[in-house]
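One letter stands for each residue in the lines below.
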Amino acid sequence: MSESSFGIAAPFAGWPRLLQASLCIGLLIATILLARYLLEIGRLSDERLPFGVISLEAPGTSAHARWIVERLGVDGVASVRRQTLLDFAFLTACALTLSLACTMISEATSGPMKAYGIMIAWAILLAGALDAVENVAMLRMLSGSFGSPWPQLATFCATLKFSIAFGAFAYIAMGLASLGWGWLSRR
């Protein structure tokens, strides 16, 4: 089992590489298919809101949440509700995909790159949980509960989730570049 200097292993560390890679590829395909479907059903709400469903993910205030839901109308609310319910499957597939990718890269690196990979592999699982809480808050707002804590909770969770996801994508890009450079250097 691979460990950082703090003695913490990445999630999925120690699993056979073939199993990690197979799961990561399968989950990546599921993530892409779910994302494509979510974008497709999101067109109705996107016509009414400049940022689509993301507008309701981080409304900030109760007044703004109410404005967003009113602007959606009955059909838009139904569309966003459907997207939000399907997002539970997407967030699971996406969080596991990114966590597995970070784990695999961390196992192939050392030093600070390994330690950061272990940290972000765990953090992205937290981001998935934050996304689930955000979805619950969005469903409450879609049902007409605009008062605290729902708009603020959704905004807090979305902000943290997107920050962690950005860190995971940056780590994966840097890790793949580093591993690719190392592979080319040995040739």
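Residues numbered from 1 in each chain as written. Predicted model: local features only at pLDDT ≥ 70, side-chain atom pairs only at ≥ 80, totals over all residues. Heavy atoms only, no water.

**Brief notes about the packing of helix α5 (residues 111–142) against helix α6 (residues 150–185)**
Reasoning step 1: Taken N-terminus to C-terminus, the directions of α5 and α6 make an angle of 150°; their axes are 7 Å apart at the nearest point. By the criterion of interaxial angle, the relationship of α5 to α6 is roughly antiparallel. Here α5 and α6 pass one another in a crossing that is left-handed.
Reasoning step 2: A class-by-class count of the residues in the contact of α5 with α6 yields 23 nonpolar, 3 polar and 4 charged. (Axes fitted to C-alpha atoms, helices over the stretch in contact; angles between N-to-C directions. Helix = DSSP H or I, 4+ residues; strand = E, 2+ residues; numbered from the N terminus. Parallel < 35°, antiparallel > 145°, perpendicular 65-115°, else oblique. Left-handed = near helix turned anticlockwise from the far one by under 90°. Nonpolar A, V, L, I, M, F, W, Y, C, P; charged D, E, K, R; others polar.)

**Description of helix α1 (residues 17–41)**
Reasoning step 1: In a regular helix each residue adds 1.5 Å, so 25 residues correspond to 36 Å; α1 covers 36 Å between its end C-alpha atoms and thus fits that length.
Reasoning step 2: Those residues of α1 not exposed but buried are Gln20, Cys24, Leu27, Thr31, Leu38 and Ile41. (Expected span 1.5 Å × (residues − 1). Buried < 20%, exposed > 50% of the residue type's maximum accessible area, 1.4 Å probe, protein only.)

**What to know about the side chain of Thr109**
Reasoning step 1: Looking at where Thr109 falls in the secondary structure, it is placed in the loop between α4 (62–107) and α5.
Reasoning step 2: For Thr109, a relative accessible area of 12% gives the class buried.
Reasoning step 3: From its side chain, Thr109 meets the backbone oxygen of Ile105 in a polar contact 3.1 Å long.
Reasoning step 4: Each residue touching Thr109, except ones within four places of it in the same chain, is listed here: Lys114, Tyr171 and Leu179. (Polar contact = N/O pair within 3.5 Å; in protein donor to acceptor, adjacent residues only side chain to side chain. Contact = heavy atoms within 4.5 Å.)

**Some details on the environment of Ala154**
Reasoning step 1: One can find Ala154 in helix α6.
Reasoning step 2: Once residues lying within four places of it in the same chain are set aside, the contact partners of Ala154 are Leu56, Glu57, Pro59, Glu134, Ala137 and Met141.

**Brief notes about the nonpolar core**
Reasoning step 1: Counting residues in hydrophobic clusters, the biggest one holds 30 residues, and the most contacted among them are Cys102, Ile120, Ile124, Ile164 and Ile172.
Reasoning step 2: The set of elements that each furnish at least two residues to this core consists of α1, α4, α5 and α6.
Reasoning step 3: Looking at this core, the element that brings in the most residues is α4, giving 9 residues.
Reasoning step 4: If we ignore the near neighbours within four places in the chain, the residues touching Ile120 are Cys102, Ile164, Gly167, Ala168 and Tyr171.
Reasoning step 5: Counting residues in hydrophobic clusters, the runner-up holds 16 residues, among them Leu56, Val77, Phe146 and Ala154. (Core = buried A, V, L, I, M, F, W, Y, C linked by side-chain atoms within 4.5 Å.)

**Considering the side chain of Glu57**
Reasoning step 1: Locating Glu57 in the fold gives a position in helix α3 (residues 54–57).
Reasoning step 2: For Glu57, a relative accessible area of 9% puts it in the buried group.
Reasoning step 3: A distance of 3.4 Å separates a polar atom in the side chain of Glu57 from a polar atom in the side chain of Lys161.
Reasoning step 4: When neighbours within four sequence positions are excluded, Glu57 is seen to be in contact with Glu134, Met138, Ala154, Thr155, Ala158, Lys161 and Phe162.

**Considering the pattern of salt bridges**
Reasoning step 1: Enumeration according to the criterion identifies 4 salt bridges in this entry.
Reasoning step 2: Its salt-bridge partner being Lys161, residue Glu57 comes within 3.4 Å of it at the nearest N-O pair. Taken together, the positions of Glu57 in helix α3 and Lys161 in helix α6 put the pair 104 residues apart, joining distant regions of the chain.
Reasoning step 3: With relative accessibility at 9%, the residue Lys161 sits in the buried group. (Salt bridge = Lys/Arg side-chain N within 4 Å of Asp/Glu carboxyl O.)

**Quick notes on the packing of α4 against α6**
Reasoning step 1: Running from N to C, α4 and α6 point in directions that differ by 35°, and their axes come no closer than 11 Å. The crossing of α4 and α6 is left-handed. Taking contact as the criterion, the partners of Ser62, Ala65, Leu98, Ala101, Cys102, Ile105 and Ser106 in α4 are, on α6, Pro151, Gln152, Ala168, Phe169, Tyr171, Ile172, Gly175, Leu176 and Leu179.
Reasoning step 2: In terms of residue class, the contact of α4 with α6 is made up of 12 nonpolar, 4 polar and no charged.

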